[in-house]
Amino acid sequence: MIDAHTHLELCEPPDAELVAAAVAVGVRRMVTVGIDGSSCRAALAAAEAFPQVYAAVGRHPNAATGFDDADLAELRALAAHERCVAIGETGLDFYRDGAPRADQQRAFAAQIALARETGKPLVIHTRAATEETLAQLADEADGIRVALHCFSMPDRLGDCLERGYVISFAGNVTYKNASDLSEAAKLVPPDSLLVETDAPYLTPQAVRKQRNQPAFVAHTLEFLARLRGVPADELGATVERNAGRLFGW
């Protein structure tokens, strides 16, 4: 198994316990994701400390206020680290407008360009901005490997697959009120599928009273395996291959 997207810095308990718990249930690799300068540095430190951990570095749209050339230079330097396997999470979030939209779009464009420059895949966050996110990707990200983290646009699944994007499902696909997501999860081709926790958020239904952690990706994987009518170990091997192809480890 893999956890394609987590935030170790934000989780409890400490990283060593989180990694050990994940390994104990069969998680062999995980990507911990930075959302600003300090969390990107923490992600890289965790990746240096644990062989199972890799890092993605990016500027979350809600942290994009004032994004400028100095911020891009910082990301470029962080992305050069040998344990960095992706750029992001980046994208657009108009749900609460945590940053001005123009700043979000500028930061997004810069990170798309950085993914192209480095040859690393792009990890996308989008909320309440489906059309704008897809439009900017269409205009600027042709030829870049794209993973749609915490997939949230089931009505546009066909378009996403046609563009070759990888579809990553988090614990919310297991929720009883997420039938649109679960229906979409049945349709994703095996070689386009990833599974993630987005820990400490979106705890799977089976353990929803607990704070999420990478080990809990097993619950989402088991749910998806039942949904798709395949053994969990088979699906786990499939998503592990997909992650290896995407992230290049």
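Below, the structure is looked at part by part. (Residues numbered from 1 in each chain as written. Predicted model: local features only at pLDDT ≥ 70, side-chain atom pairs only at ≥ 80, totals over all residues. Heavy atoms only, no water.)

**Concerning the side chain of histidine 149**
As a reminder, the rule being used: Only DSSP runs of H or I reaching four residues or more are called helices, and only runs of E reaching two or more are called strands; each is numbered from the N terminus. Relative accessibility thresholds used throughout: buried, under 20% of the residue-type maximum; exposed, over 50%; partly exposed, between the two (1.4 Å probe, protein chains only). Identification of polar contacts relies on pairs of N or O atoms within 3.5 Å, with a donor-acceptor requirement for protein atoms, meaning one able to donate a hydrogen and the other able to accept it, and with residues adjacent in sequence counted only if both atoms are side-chain atoms. The contact criterion used throughout is that any non-hydrogen atoms of two residues lie within 4.5 Å.
Within the secondary structure, histidine 149 is located in the loop between β6 (146-148) and α6 (157-162). On the basis of relative accessible area, histidine 149 is assigned to the buried category, the value being 6%. Of note is the side chain of histidine 149, whose polar atom sits 3.3 Å from the side chain of glutamate 89. Dropping the residues within four chain positions of it, histidine 149 is found in contact with His5, Glu89, Val123, Ile124, His125, Ser168, Glu196 and Asp198.

**Comments concerning the pattern of salt bridges**
Basically, it comes down to this: What counts as a salt bridge is simple: a side-chain nitrogen of Lys or Arg found within 4 Å of a carboxyl oxygen of Asp or Glu.
Overall, the coordinates contain 10 salt bridges when judged by the stated rule. Arginine 28 is the partner of glutamate 240 in a salt bridge, and the nearest nitrogen-oxygen pair spans 2.7 Å. Here glutamate 240, found in helix α9 (residues 232-247), pairs with arginine 28, found in the loop between α1 (15-24) and β2 (29-33); they are 212 residues apart in sequence, far enough to count as distant. Overall, arginine 28 belongs to the exposed group, its relative accessible area being 53%. With a closest N to O distance of 3.1 Å, aspartate 71 and arginine 59 form a salt bridge.

**With respect to the packing of helix α3 (residues 69-79) against helix α4 (residues 101-118)**
Condition: Convention adopted: a line fitted to C-alpha atoms gives each axis, helices being fitted over their contacting stretch, and angles between N-to-C directions are expressed from 0 to 180 degrees. Angles are sorted into four bins: roughly parallel if under 35 degrees, roughly antiparallel if over 145, roughly perpendicular if 65 to 115, and oblique for all others. The sense of a crossing depends on the near helix, which, turned anticlockwise from the far helix by less than a right angle, makes the crossing left-handed and, turned clockwise, makes it right-handed. Residues are grouped as follows: Ala, Val, Leu, Ile, Met, Phe, Trp, Tyr, Cys and Pro are nonpolar; Asp, Glu, Lys and Arg are charged; all remaining types, including Gly, are polar.
Between α3 and α4, whose axes approach to 11 Å, the crossing angle comes to 30°. Taken together, the axis directions place α3 and α4 in an arrangement best described as roughly parallel. Between α3 and α4 the crossing geometry is right-handed. Listed contacts from α4 to Leu72, Leu75, Arg76 and Ala79 of α3 are Ala110, Gln111, Leu114, Glu117 and Thr118. Of the residues that constitute the contact of α3 with α4, the class distribution is 5 nonpolar, 2 polar and 2 charged.

**Thoughts on helix α8 (residues 217-228)**
What counts, and what does not: For a helix, the expected span equals 1.5 Å multiplied by the residue count minus one.
Taking 1.5 Å per residue as the helical rise, α8 with its 12 residues ought to reach 16 Å, and the 16 Å between its terminal C-alpha atoms agrees with that figure. Residues of α8 that are buried in the fold lie against β1 (2-6), β7 (166-169), α7 (179-187), β8 (193-195) and α9. Following α8 by one or two positions, glycine 229 has its phi on the positive side, about 70°.

**Some details on the sheet that holds β7**
We apply this condition: In this description, strands pair whenever DSSP reports at least two bridges between them.
Taken in spatial order, the 8 strands make up an open sheet running β1-β2-β3-β4-β5-β6-β7-β8, and their pairing is parallel. Looking at the sheet topology across the chains shown, the edges are occupied by β1 and β8. For this sheet, the mean angle separating the axes of adjacent strands, direction not counted, is 25°. Bridge count between strand β4 (residues 84-93) and strand β5 (residues 122-127): 5 bridges; the pairing is parallel. Pairing of threonine 90 across the sheet is with isoleucine 124, part of β5. The strands touched by helix α2 (residues 37-49) are β2, β3 (53-57) and β4; relative to β3, the strand with the most contacts, the crossing angle is about 160°. Packed onto the sheet, α4 meets β4 and β5 and runs at close to 155° relative to β4.

**Details of the packing of aromatic side chains**
Where we set the bar: Between 30 and 60 degrees the pair is tilted, below 30 it is stacked and above 60 it is edge-to-face, where a pair is any two Phe, Tyr or Trp rings, Trp via its six-membered ring, whose centres lie within 6.5 Å. Lysine NZ or arginine CZ positioned within 6 Å of the ring centre and within 35 degrees of the ring normal marks a charge as sitting over the ring.
Applying the stated criterion across every chain, the model contains 3 aromatic pairs. Plain terms: the ring middles of tyrosine 54 and tryptophan 249 are 4.8 Å apart, the flat faces sit at 35° to each other, and that makes the pair tilted. Linking tyrosine 54 in strand β3 with tryptophan 249 in the segment after α9, this pair joins segments that are 195 residues apart in sequence. A residue is classified by how much of its surface remains accessible, and tryptophan 249, at 23% relative accessible area, is partly exposed. Through pairs of rings, three or more aromatic residues link up here, namely Tyr54, Phe247 and Trp249. Above the ring of tyrosine 54, the side-chain terminus of arginine 83 is found at 4.2 Å from the ring centroid. Arginine 208 extends its terminal NZ or CZ atom over the ring of tyrosine 175, reaching a point 3.5 Å from the ring centre.

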